[in-house]
Amino acid sequence: MAKYFPLFIDISNKTFLVVGAGNIAARRILKLKEFGCKIIVVAKSIVVTIMDLQDDRLILKERAYDSSDVVGVDYVIAATNDKELNEKIVWDCNRAGIMVNDASNYKNCDFYFPGIVTEEEMVIGVTSSGSNHRLARRVASEIRYNIKDLVSRCKKELEEDPNAEKFD
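Cut-off values and rules
Residues numbered from 1 in each chain as written. Predicted model: local features only at pLDDT ≥ 70, side-chain atom pairs only at ≥ 80, totals over all residues. Heavy atoms only, no water. UniProt positions renumbered as here; feature names shortened; annotations may be inferred. Helix = DSSP H or I, 4+ residues; strand = E, 2+ residues; numbered from the N terminus. Areas by Shrake-Rupley, 256 points an atom, 1.4 Å probe, with all protein chains shown as cover. Buried < 20%, exposed > 50% of the residue type's maximum accessible area, 1.4 Å probe, protein only. Polar contact = N/O pair within 3.5 Å; in protein donor to acceptor, adjacent residues only side chain to side chain. Core = buried A, V, L, I, M, F, W, Y, C linked by side-chain atoms within 4.5 Å. Expected span 1.5 Å × (residues − 1). Arc of directions from axis to C-beta. Contact = heavy atoms within 4.5 Å. Salt bridge = Lys/Arg side-chain N within 4 Å of Asp/Glu carboxyl O.

The protein chain is annotated in an unreviewed UniProt entry as precorrin-2 dehydrogenase of Lachnoanaerobaculum orale. Per UniProt, the comment on the protein chain under Pathway (unreviewed entry) is "Porphyrin-containing compound metabolism; siroheme biosynthesis; sirohydrochlorin from precorrin-2: step 1/1." Under the heading Catalytic activity (unreviewed entry), UniProt records this for the protein chain: "precorrin-2 + NAD(+) = sirohydrochlorin + NADH + 2 H(+)".

So this is what it looks like as structure tokens:
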């Protein structure tokens, strides 16, 4: 199971829509490919770097974004150079209840990517004092869920083997 910070969710069999096909999109696609995700790229023009990555899990659609593109996907990455288009994508995702990462405005993000998250952003993401309360609530909920699962497993292991190393 591929666990992906900060949501700690299994994304290995999820479908991502990436709107845009420049350098930022390419970096996101490379990271998603590490997890074996299905990726759909929609962009008016797709750079060779991304075309070279094409395989059975990467679908390229060389055309303009349409609101219907978010239908049937699990997550969306708005990685265009057009801030207004990215905001429209975020709006479409919010309306459809789909998590989105807006590469041009991290306040519009429901999830961040490893390697671009600063320590301050992680603190904001896990505390309610952050400016993105939606992200903070989601991260806090996922952390609580996963910690509860981890504690349950540790207790079970200790019950099965009382001589096991105890955790402080």
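Engineer: Help me understand the overall build of the protein chain in this model?
Structural biologist: For the protein chain, the count of helices and strands is 5 helices and 7 strands. Seen in sequence order, the protein chain has helices and strands lined up from the N terminus as β-β-β-α-β-α-β-β-α-β-α-α. When the accessible surface of the protein chain is summed, it comes to about 10,000 Å², and 51% of that surface belongs to carbon and sulfur atoms.

Engineer: Before we go on, may I ask you to explain the side chain of Asp-69 in this structure?
Structural biologist: In this fold, Asp-69 is placed in the loop between β5 (58-62) and β6 (75-78). Given the relative accessible area of 11%, Asp-69 is considered buried. Within the local environment of Asp-69, its side chain forms a polar contact with the side chain of Arg-63, the two groups lying 2.6 Å apart.

Engineer: Where do I start with the nonpolar core in this structure?
Structural biologist: The tendency in soluble globular proteins is for nonpolar side chains to be buried as a group. Phe-16, Val-18, Ile-29, Leu-32, Ile-39, Val-41 and Ile-50 are the most contacted members of the largest nonpolar core, which has 24 residues in total. Among the secondary structure elements, those contributing two or more residues to this core are β3 (15-19), α1 (23-34), β4 (38-43), β5 and β6. For this core, the element with the highest residue contribution is α1, accounting for 4 residues. Within the second largest apolar cluster, 14 residues are counted, among which are Ile-40, Val-42, Val-70 and Val-73.

Engineer: Would you explain α1 in this entry?
Structural biologist: Each turn of an α-helix holds 3.6 residues, which means side chains three or four residues apart point in the same direction. Taking 1.5 Å per residue as the helical rise, α1 with its 12 residues ought to reach 16 Å, and the 17 Å between its terminal C-alpha atoms agrees with that figure. For α1, every residue scored as buried is listed here: Ala-25, Ala-26, Arg-28, Ile-29 and Leu-32. Buried positions in α1, seen along its axis, are confined to an arc of 165 degrees and lie on one side of it. Opposite the packed face of α1, turned more than 90 degrees from it, sit the exposed residues Asn-23 and Glu-34. On its buried side, α1 packs onto β3, β4, α2 (48-51), β5, β6 and β7 (99-102). Positive phi appears at Gly-36, one or two residues downstream of α1, with a value of about 70 degrees.

Engineer: Can you help me understand the pattern of salt bridges in this one?
Structural biologist: Oppositely charged side chains are able to pair whenever their charged atoms sit close together. This model, assessed by the stated rule, comprises 4 salt bridges. Across the pair Lys-31 and Glu-34 runs a salt bridge whose closest N-O atoms are separated by 3.5 Å. On the criterion of helical spacing, the pair formed by Lys-31 and Glu-34 is a turn pair, its members being 3 residues apart in helix α1. Given a relative accessible area of 58%, Glu-34 falls into the exposed group. With its nearest N and O atoms 2.6 Å apart, the salt bridge here joins Lys-33 to Asp-55. With Lys-33 in helix α1 and Asp-55 in the loop between α2 and β5, this residue pair connects regions lying 22 residues apart in the sequence. The exposure class assigned to Lys-33 is partly exposed, which follows from its relative accessible area of 26%. Using a relative accessible area of 35% as the deciding quantity, one classes Asp-55 as partly exposed.

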